[in-house]
Amino acid sequence: MSDATPESTPAPADEAPDFDSMTRDIADVPAVEVITTVAVHLMSAAAVNLGLAEEGDRHKDLDEARKLITALAGLVTAGSTEISNFHAGPLRDGLKSLQLAFREASLVPDEPGKGPGEKFTGPVFG
């Protein structure tokens, strides 16, 4: 086990979780890490719903992908000013890739500026 991985002992089923400890743990995580972690989760979920994962067509759901991409665009747009460009740049690139993949996957593509998240990012062109 590495030094970065905290040891955890699962609580017995009859004991309540230690919320004070959990609160302290999350308080120690820098905001940039929380923002980027949430963004990566949104990106991953959107990619799966775009059919970009293994067995892609089985998981393809463009309605869900649209929601996730829009939420990601809001987070990236709002969070970019709070995190450095070092962190925001790759998030913007990933967002744009997902927006373009959505346009490509759509049978009837949205008008420029009307695609998922474009109300936050502006029109996206490849």
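No experiment lies behind these values; they were computed from the predicted model shown.

S.K.: What exactly am I supposed to notice about a nonpolar patch on the surface here?
M.R.: A surface patch of nonpolar side chains, about 230 Å² in accessible area, is lined by Ile26, Val34 and Val38. Along the chain, Val38 falls in helix H2 (residues 31-49).

S.K.: Mind showing me how you'd approach the packing of H2 against helix H5 (residues 85-105) here?
M.R.: H5 packs onto H2 with a crossing angle of 15° between their chain directions and a minimal axis gap of 11 Å. As judged from the angle between their axes, H2 and H5 are roughly parallel. At the point where H2 passes H5, the crossing takes the left-handed sense. Contacts between H2 and H5 involve Val32, Thr36, Ala39, Met43, Ala46 and Ala47 on the former and, on the latter, His87, Pro90, Leu91, Gly94, Leu95 and Leu98. The residue makeup of the contact of H2 with H5, split by class, is nine nonpolar, three polar and no charged.

S.K.: Can you walk me through a negative patch on the surface in this structure?
M.R.: Where like charges cluster on the molecular surface, the negative patch consists of Asp18, Asp20, Asp25 and Asp28. Structurally, the position occupied by Asp25 is in helix H1 (residues 19-27). In this structure Asp25 comes out as partly exposed when scored by relative accessible area, which is 47%.

S.K.: Honestly, H5 in this entry has me stumped. Any pointers?
M.R.: Note: α-helices contain 3.6 residues per turn, so residues at a spacing of three or four share the same orientation. Along its 21 residues, H5 runs 29 Å from first to last C-alpha, staying within 8% of the 30 Å computed at 1.5 Å per residue. Looking at H5, one finds that the buried residues are Ala88, Gly89, Leu91, Gly94, Leu95, Leu98, Gln99, Ala101, Phe102 and Ala105. Where H5 is buried, its residues meet H2, helix H4 (62-79) and helix H6 (118-121).

S.K.: In this structure, what is going on with the layout of surface pockets? I would like to understand it.
M.R.: Over the atoms a probe the size of a water molecule is rolled, and this reveals where empty space is left. Space inside the largest pocket adds up to approximately 160 Å³. Around the largest pocket sit Val76, Thr77, Ser80, Arg92, Asp93, Leu95, Lys96, Gln99, Phe120, Thr121 and Val124, which together line it. For the lining of the largest pocket, the secondary structure elements donating two or more residues are H4, H5 and H6. Partitioning the lining of the largest pocket into residue classes produces four nonpolar, four polar and three charged.

S.K.: Can you walk me through the packing of H2 against H4 in this structure?
M.R.: The relative placement of two packed helices comes down to the angle between their axes together with the axis-to-axis distance. Where H2 contacts H4, the two axes come as close as 8 Å, and the packing angle between them is 160°. In this view, H2 runs roughly antiparallel relative to H4, as classed from their interaxial angle. The way H2 lies across H4 gives a crossing that is left-handed. On H4, the residues touching Ile35, Val38, Ala39, Leu42, Met43, Ala45, Ala46 and Asn49 of H2 are Leu62, Glu64, Ala65, Leu68, Ile69, Ala71, Leu72 and Leu75. Along the lines of polarity and charge, the residues of the contact of H2 with H4 split into 14 nonpolar, one polar and one charged.

Parameters at a glance
- Residues numbered from 1 in each chain as written.
- Predicted model: local features only at pLDDT ≥ 70, side-chain atom pairs only at ≥ 80, totals over all residues.
- Heavy atoms only, no water.
- Patch = residues over 30% accessible without salt bridge, like charges linked within 9 Å, V, L, I, M, F, W, Y side chains within 5 Å.
- Areas by Shrake-Rupley, 256 points an atom, 1.4 Å probe, with all protein chains shown as cover.
- Salt bridge = Lys/Arg side-chain N within 4 Å of Asp/Glu carboxyl O.
- Helix = DSSP H or I, 4+ residues; strand = E, 2+ residues; numbered from the N terminus.
- Axes fitted to C-alpha atoms, helices over the stretch in contact; angles between N-to-C directions.
- Parallel < 35°, antiparallel > 145°, perpendicular 65-115°, else oblique.
- Left-handed = near helix turned anticlockwise from the far one by under 90°.
- Contact = heavy atoms within 4.5 Å.
- Nonpolar A, V, L, I, M, F, W, Y, C, P; charged D, E, K, R; others polar.
- Lys, Arg positive; Asp, Glu negative; His and termini not counted.
- Charge placed at Lys NZ, Arg CZ, Asp CG, Glu CD.
- Buried < 20%, exposed > 50% of the residue type's maximum accessible area, 1.4 Å probe, protein only.
- Expected span 1.5 Å × (residues − 1).
- 1 Å grid on protein atoms, 1.4 Å probe; cavity = no way out; pocket = protein on both sides within 12 Å on 5 of 7 lines; lining within 4 Å.
- Points joined across faces, edges and corners; volume = space filled by probe spheres on them.

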